[in-house]
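Here is what each chain is made of, one letter per residue.
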Amino acid sequence: MIRALAVVVPARDEEELLADCLDALHRAARHPQVRDLPCHMLVAADACRDATAAIARRHGAQLLELTAGNVGAARAAGSRHALATVLSAQRTLTPDGVWLAHTDADSRVPADWLARQLAYAACGWQAVVGTVRVADWSGHPGSTATAFRLHYHQEERTEGHRHVHGANLAVRADAYRTAGGFQPLPVGEDRTLVAALEAAGFRVKRTSRNPVTTSARRNSRARGGFGDYLRDLDALTG
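Could you clarify how one ought to interpret helix α7 (residues 189-199) in this entry?
Because an α-helix packs 3.6 residues into every turn, residues spaced three or four apart end up facing the same way. Here α7 has its buried residues at E189, D190, L193, V194 and L197. Seen from one end, α7 has its buried residues packed into an arc of 135°, which puts them on one side. Tucked into the core, α7 has its buried residues touching α3 (71-89), β6 (127-129), β8 (169-172), α6 (173-178) and β9 (204-206). Two residues or fewer after α7 comes G201, characterised by a positive phi angle close to 90°.

Would you take a moment to explain the sheet that holds strand β5 (residues 107-108) for this structure?
In a beta sheet, neighbouring strands pair by backbone hydrogen bonds and run either parallel or antiparallel. Taken in spatial order, the three strands of this open sheet run β5-β10-β7, and their pairing is mixed. The two strands at the open ends of the sheet, each matched to only one other strand, are β5 and β7 (132-134). Looking at chain direction, β5 and strand β10 (residues 212-214) are connected through two bridges and run antiparallel. Across the sheet, residue R108 finds its bridge partner in β10, namely T213.

Looking at this structure, how should I read the packing of aromatic side chains?
Both the distance between ring centres and the angle between the ring planes are used here to describe each pair of aromatic rings. Under the criterion given, the structure shown has one aromatic pair. Just above the ring of F182 sits the side chain of R75; from NZ or CZ to the centre is 6.0 Å. In this structure, R203 packs its charged tip against the face of W125, placed 4.0 Å from the ring centre.

How each quantity is defined
Residues numbered from 1 in each chain as written. Predicted model: local features only at pLDDT ≥ 70, side-chain atom pairs only at ≥ 80, totals over all residues. Heavy atoms only, no water. Buried < 20%, exposed > 50% of the residue type's maximum accessible area, 1.4 Å probe, protein only. Helix = DSSP H or I, 4+ residues; strand = E, 2+ residues; numbered from the N terminus. Arc of directions from axis to C-beta. Contact = heavy atoms within 4.5 Å. Pairing = 2+ DSSP bridges. Phe/Tyr/Trp six-rings, centres within 6.5 Å; stacked < 30°, edge-to-face > 60°. Lys NZ or Arg CZ within 6 Å of the ring centre and 35° of its normal.

Structure follows, in structure tokens:
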């Protein structure tokens, strides 16, 4: 049984979008099916040169500052720190009672995001892998949005999609630890974790019913990540 939640958000110079991200997470934590559980939110501010840290504090998140300049390292450090905080606050709590949810600072989760994840956890799933929606296509040709809908959503229509996004990923803490956690990779740390969970025999729920809204900004933080995928679509369709 899940008895506590921890939500980890890596952030690198995210002063423009982090507040909306955290507001959405607070709404999700207030959902009737979630609000009675302790929910710890942590922002892993990695090599930030702007007001990211101040915004995280102002919006009620615990702050972990690091200088790795690496999203995999930031997710790993944030997860490790958040889990330690939750376990120390409840001495009888064990990792199999902690749900680790992950999103990105440029993303907004739906109000029932955590509630749906907990429903899957109650059915025996040890991890949940969700999909994304794009908030605003400004800066991209109209053909990019069309191509994205065609290629991405065609696969998304059925349960069991093969997408993996750090912006929409959750895992029970004992499974996370057994699978080795996030690796310090500059890109692909989310896919590597999910592959390790599946290889270890954990039940991974891939669902398109709980999408997270993310940005389509062209100045992406991780080379080879979602932003670069969209730029590749620009080149193919422009």
